[in-house]
Amino acid sequence: MSAILKKFKRSKSANSIWRQPLAVVGIVIILTWTILAVFAPWIAPYDPNAQDADKFLTPSAQHWMGTDELNRDIWSRIIYGARISLPYSLLLVFLSATLGSIIGAISGYAGGKVDSFLMRVTDVFFAFPGIVLAMAVAAALGPQIRNAVIAVTIVAWPVYARLVRGLILNAKQNDYVTASALLGSSALRTMVVDLRPNLSGPVFVLASLEVGNALLLLSGLSFLGLGAQPPAAEWGSMVSMGAVNFDRWWVGLFPGLAILTAVLAFNFIGDSLRDALDPRTAKALRD
Amino acid sequence: MNLLTVENLTVTLATGSGDAQAVRNLSFNVGHGEILGIAGESGSGKTMTALSMLGLLPYKGKASGSIKFDGREILASTKREYRDIRGKEIAMIFQDPMTSLHPMLTVEVQLTEHLRHHRKVSKAAARNSALELLATVKIPEPASALSAHPSQFSGGMRQRIAIAMALACEPKLLIADEPTTALDVTVQAGILKLLHQLRKDRNLSVMVITHDLGVLSSLTDRIMIMYAGSEVESGATSDLLQNPRHPYTKGLIAALPGNSEVNSKNLLSIDGMPPELGNFPSGCAFHTRCKFAKASCKETVPEVLNLSSDHRIFCPVNPFSELSNSGSK
Amino acid sequence: MRPVSGERKTRKRPLSGTGFAPFIIRRLLTSIILVFGVTFIAFSITQLVPGDPVAANLGQSAYSDPEIVAAFEKEFGLDQPVPVQYYKYVTNLLQGDLGVSLSSKRPVAEDLKEYFPATLEIALIAVLLALVVGLLLGIISAVTRDRLADQIIRVFSLTGVSMPAFWTALTAFYIFFFVLGWAPGTGRLEPGGEAPPTVTGLFTIDALIAGDFSTFRQAFSYLLLPAVVLAIYAIGVLTRFTRASMLEILGNDYVRAARAKGLPEFTVIRRHVLRPALLSIITVAGVAFSSLLAGSVLVENVFSWPGLGQYAYRAAVGLDLPGIMGVSMVVATVYITMNLIVDILYRIIDPQMKDSA
């Protein structure tokens with residue numbers, strides 16, 4: 001991942017993401033959330049689960065974002081919430097990108113019947129209402145953030161499969177792949193050594209575009225009670241507490257803003273990365 | 001007076017690594033009813049020169065200098081003024097008729113939309129002009145061609161349609177950017193003949209841009225050779241082709257098919273690749289590929305050297321001066 | 001909500017035969033296979049993950065009584081082997097029978113008939129809104145490329161696709177209901193309000209058919225806020241997509257040729273750029289519509305909107321397989337139908353396709 005970032009950094013093109021203000025804003029926001037998450041115990045003013053304030057205190061100097069129904073400090077819970085939302089969204093994207101890339105690679109490389117079968121399956125998943133399936137799987141496995149990640153992975157892989165398959169089909173037409181096959185490389189070797197450099201860039205960019213979506217889905221499941229469970233401080237489930245007490249605006253507003261800023265930041269970065277790629281790959285990603 | 005007088009035209013484009021000059025200090029003119037050919041390899045700035053006549057430079061491109069058309073300065077035109085020039089005063093045909101005609105609009109719409117806009121004529125009158133135009137460019141069955149889409153025509157026919165489109169508002173100047181490059185050789189000849197005919201019938205001034213000197217030899221009155229955004233040599237067609245004086249022009253002519261015996265001297269072949277935009281060499285940009293280059297060529301930008309009233313080169317070394325003195329009258 | 005960007009390629013260009021009829025038949029066949037694929041995958045996945053629908057649907061005391069459990073399993077066919085269950089489901093499905101919901105104990109088809117129109121009503125308004133606003137913003141953004149308007153619109157559209165729908169719904173409800181008092185409460189009608197006689201199931205349309213304007217106004221005022229909230233994501237998607245496809249087309253030779261003719265910029269954009277751009281925009285709009293159906297799960301939850309999303313939620317939590325399958329099939333069918341319509345529109349709008357295919 002850092003190697004790819006370096007590649008982007010080295011490119012001197014005017015479209016390089018380091019020249020794009022939105023990308024810089026995105027990176028700063030994500031860094032901020034990362035620091036808050038890592039150093040939560042030192043930064044958070046209160047224990048996220050301590051119930052020692054009064055309930056439903058409005059935002060004040062003591063409690064910047066007020067307190068919730070169970071007397072807990074919302075700002076502290078949001079800081080701790082970053083420890084759930086960010087890593088699990090990244091994990092989810094990593095899992096679905098890996099799964100999707102493997103399926104897409106098999107499909108593109110094998111071709112023929114295997115390819116058409118796998119692509120039909122992918123079509124079916126595209127036609128599927130992802131959140132319905134994710135809700136069902138999460139409910140069946142038992143409401144836990146870990147299970148929500150599994151559930152969303154099952155519905156989120158097809159975009160990667162389709163991208164990787166397309167890239168492999170393109171690359172297969174390139175001479176060096178044919179040459180390498182003629183020289184007797186095994187299929188696996190061809191795929192891993194020769195094709196991977198062509199794939200890693202676009203897959204990475206697609207993944208960066210999908211982190212925001214992953215966070216939205218995960219926190220949505222938690223909002224519905226199918227993800228992280230109380231008393232865990234998770235942004236989505238904190239918003240759902242605000243839904244129950246919607247007249248206390250601060251209970252739901254601030255955790256939602258936390259989700260919004262994080263998703264927005266990921267989208268800023270993903271968008272800029274896509275623009276930094278060469279136009280043809282960028283087009284493949286848009287399609 | 002000339003129809004078009006360009007002075008010190010410089011075009012700056014935004015590239016990946018900052019701004020770059022695609023055209024540098026270019027000066028030339030086109031007389032009434034004259035056909036000027038501009039030749040050069042890809043990247044020599046010839047297309048950008050053409051586009052700047054119409055204010056159609058690509059995104060973030062800028063032009064400076066002076067372009068006088070029909071006595072008026074047009075380089076500093078507003079968008080609205082440019083729109084009154086485009087199509088009506090100066091028309092352009094593009095290299096690839098496969099992509100320059102709109103795939104989803106009928107030939108009639110594409111032939112008449114600017115006519116109706118500029119001349120405010122009725123739909124029926126525009127249709128009649130369109131029929132005439134199609135006959136002029138020798139499209140068979142003009143009436144049925146009007147309702148067809150471009151994809152129903154071959155490349156040569158499409159280019160004829162594109163020419164008809166350009167002629168619709170009877171412009172004074174026609175700019176043809178590589179009008180035959182995308183076409184088969186047999187079709188090329190027909191298009192060139194058509195352009196020649198049009199000039200004769202309509203006293204049309206034409207600016208033809210190409211990388212193919214062969215195309216220019218039979219068609220043009222004068223030729224300007226460009227390299228890396230600058231003029232290297234210009235002159236009357238026959239003079240320039242028979243008596244080229246710049247090493248680059250010599251090389252280009254030697255490279256033409258059928259000139260192998262000249263080429264065998266091996267002095268004239270041009271090695272290497274044309275420089276890329278943003279990487280133009282210093283001094284005389286051609287010095288990196290020139291067999292006659294001296295140390296000073298790297299340093300100083302060449303001044304104009306007038307050989308006659310109508311033949312000039314930009315090469316202080318002028319290596320073929322003796323050769324040509326004996327040859328020219 | 002599901003990403004829309006990657007889904008466009010489902011539209012398959014016909015591989016052989018260029019006539020209109022074979023094309024439609026081929027696409028219909030693929031669509032039917034897709035719908036069965038959806039049932040199969042929904043069935044397999046819900047069977048593969050552990051989870052006990054009996055426990056989810058029976059109370060604690062009933063669950064501890066083996067007789068009641070056995071009776072429940074027998075009633076819903078859960079005592080039979082899984083392949084048999086699927087075979088039965090599919091054969092019933094072919095006769096239009098979607099099974100009986102474990103949670104509502106009613107035929108799924110009846111449930112869907114009740115819940116689907118409610119979602120359709122807000123989704124339709126949302127997609128219309130998204131089309132108008134998204135197209136407009138996207139066009140402005142592309143035409144003013146890199147200038148201030150473009151920058152602002154880009155940030156706005158990115159924000160639109162980054163807002164958690166459940167939070168947007170909550171915030172909008174708080175502001176427009178609680179603070180401003182502009183929006184009525186939750187649900188489709190005021191408490192005790194009588195639904196118009198069912199024709200389409202869309203309250204606004206049904207009220208108009210019945211000539212009952214006060215019910216129409218009421219139904220409309222209730223659906224406006226959920227529809228707008230639902231539209232925000234789709235607006236973001238459509239704006240971004242419109243901008244991208246416009247910019248792509250603006251770079252074409254034929255646009256430069258149109259400008260070289262001295263046409264007003266408005267004409268160039270409308271006639272030469274927008275027409276081809278609309279082709280790809282339509283595709284995304286179609287897909288965005290079915291993603292709205294899925295997105296409604298979260299929005300309906302906040303607005304207590306008795307639609308498909310709420311039903312899907314209850315079915316999922318209750319591990320109500322027939323219910324889950326029913327919802328999945330409705331959404332998948334809409335998705336596939338939208339793709340089909342888009343394909344047909346494509347052939348109509350672009351007369352070149354049969355030549356170039």
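The structure reproduced in this document is the subject of the present report. Note that the structure is predicted; figures quoted are calculated from it, not measured.

Criteria and cut-off values
Residues numbered from 1 in each chain as written. Chains lettered and ligands numbered in written order. Predicted model: local features only at pLDDT ≥ 70, side-chain atom pairs only at ≥ 80, totals over all residues. Heavy atoms only, no water. Salt bridge = Lys/Arg side-chain N within 4 Å of Asp/Glu carboxyl O. Helix = DSSP H or I, 4+ residues; strand = E, 2+ residues; numbered from the N terminus. Buried < 20%, exposed > 50% of the residue type's maximum accessible area, 1.4 Å probe, protein only. Contact = heavy atoms within 4.5 Å. Pairing = 2+ DSSP bridges. Axes fitted to C-alpha atoms, helices over the stretch in contact; angles between N-to-C directions. Buried area = accessible area lost by both parts, 1.4 Å probe. Nonpolar A, V, L, I, M, F, W, Y, C, P; charged D, E, K, R; others polar.

**Comments concerning the pattern of salt bridges**
All names here are of chain B.
Reasoning step 1: Across all of its chains, the model carries 22 salt bridges over all chains by this definition.
Reasoning step 2: Here E41 makes a salt bridge to R289, at a shortest N to O gap of 3.3 Å. Of the two residues, E41 is situated in the loop between β3 (35-39) and α1 (46-53) and R289 in the loop between α12 (260-263) and α13 (295-299); the sequence distance between them amounts to 248 residues.
Reasoning step 3: Using a relative accessible area of 21% as the deciding quantity, one classes E41 as partly exposed.
Reasoning step 4: On the basis of relative accessibility, which here comes to 11%, the residue R289 falls in the buried class.

**A word on the environment of A142 of chain C**
Residue and element names in this part refer to chain C.
Reasoning step 1: Structurally, A142 can be placed in helix α6 (residues 108-143).
Reasoning step 2: Along the backbone, A142 and F156 are 14 residues apart, and their C-alpha atoms lie at a distance of 14 Å.
Reasoning step 3: Apart from residues lying up to four places away in sequence, A142 is in contact with R243, M246, L247 and L250.

**Focus on the sheet that holds strand β2 (residues 18-30) of chain B**
Residue and element names in this part refer to chain B.
Reasoning step 1: Spatial ordering of the open sheet is given by β2-β1-β4-β5, a layout of 4 strands whose pairing is antiparallel. The sheet is open, and its two borders are formed by β2 and β5 (72-73), each paired with just one other strand.
Reasoning step 2: Direction of pairing for strand β4 (residues 62-69) relative to β5: antiparallel, over a ladder of 2 bridges. Across the sheet, residue F69 finds its bridge partner in β5, namely R72.
Reasoning step 3: The strands touched by α1 are β1 (4-15), β2 and β4; relative to β1, the strand with the most contacts, the crossing angle is about 110°.

**A word on the interface of chain A and chain C**
Where the parts come together, the accessible area they lose is often given as the size of the interface.
Reasoning step 1: At the junction of the two partners, chain A supplies 55 residues and chain C supplies 57 residues.
Reasoning step 2: Of the roughly 5100 Å² buried between chain A and chain C on both sides combined, carbon and sulfur atoms contribute 74%.
Reasoning step 3: Ionic pairing is found between R240 of chain C and D271 of chain A, a salt bridge with its closest N-O pair at 3.0 Å.
Reasoning step 4: Within the residue set of the side of chain A that touches chain C, elements represented by two or more residues are α5 (112-127), α6 (130-141), α8 (158-172), α10 (187-223), α11 (235-244), α12 (249-276) and α13 (279-286) of chain A.
Reasoning step 5: Counting residues per element, the side of chain A that touches chain C draws most heavily on α12 of chain A, which supplies 14 residues.
Reasoning step 6: Residue composition of the side of chain A that touches chain C, grouped by class: 35 nonpolar, 9 polar and 11 charged.

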